[in-house]
Amino acid sequence: MSGKKLKREFSICVEEEDGWEWHVPVNLDATELKSICINWENNLQFGRIIDLDVFDNNHNRISREDLGNTGRTCIVCGDDYLTCRRIGKHSFKEIRSCFDEISREI
Ligand SMILES: [Zn+2]
């Protein structure tokens, strides 16, 4: 790991319109951390209903595509998640219903 170390010893929980966000400073290389997060999103039982974003020390978001992965799929229809979100393809009720179904399986 190179570059300056940032001393951040706090985390923040924020309630946003679409749910809770937990902002956690982590002292790991951003691409290494994003790889771990992708693995969790793909393999944990509840991975489909969590969204783990990673930002580097310059506040640049590290995407799945940056690491050679495909984007996430929509939990409602299986299409590209970002497209569904951008065009508002599903109602909140539809999304919540899928979320609840996955939650019950956990
Ligand atoms: Zn969809």
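All residue numbers here refer to positions counted from 1 along the written sequence of the relevant chain. With pLDDT at 70 or above as the cut-off, local features in this predicted model cover only qualifying residues; side-chain atom pairs require 80 or more to be listed or tallied, and sums for whole chains, interfaces and linings still use all residues.

Draft legend 1. Representation of the overall build of the protein within the structure. Only runs of H or I of at least four residues qualify as helices and only runs of E of at least two qualify as strands under DSSP, and these elements are numbered from the N terminus. A tally of regular secondary structure across the protein gives three helices and four strands. Ordering the α and β elements of the protein from the N terminus gives β-β-α-β-β-α-α. Within the span of the protein, comprising 106 residues, buried residues form 3% of the whole. We call a residue exposed when 12 or fewer other C-beta atoms sit within 10 Å of its C-beta, buried when the count reaches 20 or more, and partly exposed for counts in between; the C-beta positions come from the backbone.

Draft legend 2. Molecular detail of unusual backbone geometry. Positive phi values are uncommon outside glycine, yet H59 reaches one of about 70 degrees. Classification of H59 by C-beta neighbours within 10 Å gives exposed; the count is 6.

Draft legend 3. Examining the environment of D79 more closely. The topology assignment puts D79 in the loop between β4 (61–62) and α2 (81–87). Residues are defined as contacting one another if the C-beta atoms placed from their backbone atoms lie within 7 Å. Among residues more than four places away in sequence, those in contact with D79 are T73, C74 and C84.

Draft legend 4. How the structure looks around the pairing of strand β2 (residues 19–23). Among the five residues that make up β2, zero are buried, leaving the element largely open to the surroundings. Note on pairing: two strands pair once DSSP finds at least 2 bridges between them. Pairing analysis gives five bridges linking strand β1 (residues 12–16) to β2, with the strands arranged antiparallel. Residue E16 lies in a different strand from β2, and its bridge partner there is G19. In this structure, the hairpin formed by β1 and β2 is closed by a connection of two residues.

Draft legend 5. Molecular detail of the domain arrangement of the protein. Per the annotation, domain bounds derive from an automatic or database assignment of domains. Here the protein is partitioned into domain 1 (8–70) and domain 2 (73–106). At the junction of the two partners, domain 1 supplies four residues and domain 2 supplies five residues. Charged means Asp, Glu, Lys or Arg here, nonpolar means Ala, Val, Leu, Ile, Met, Phe, Trp, Tyr, Cys or Pro, and polar covers whatever is left, Gly included. Of the residues contributing to the side of domain 1 that touches domain 2, the split by class is two nonpolar, one polar and one charged.

Draft legend 6. Spatial organisation of the environment of V54. Its location among the elements puts V54 in strand β3 (residues 54–55). The class for V54 is buried, based on 22 C-beta atoms found within 10 Å. A sequence separation of 20 residues divides V54 from K34, and the C-alpha atoms of the two residues are 5.9 Å apart. For V54, the contacting residues outside a window of four places in its chain are A30, L33, K34, C37 and I62.

Draft legend 7. Region of interest: helix α3 (residues 92–105). Helices are assigned an expected span. That span is 1.5 Å times one less than the residue count. Between its first and last C-alpha atoms α3 spans 20 Å; for 14 residues at 1.5 Å apiece the expected length is 20 Å, and the two agree. Little of α3 sits out of view: just zero of its 14 residues are buried.

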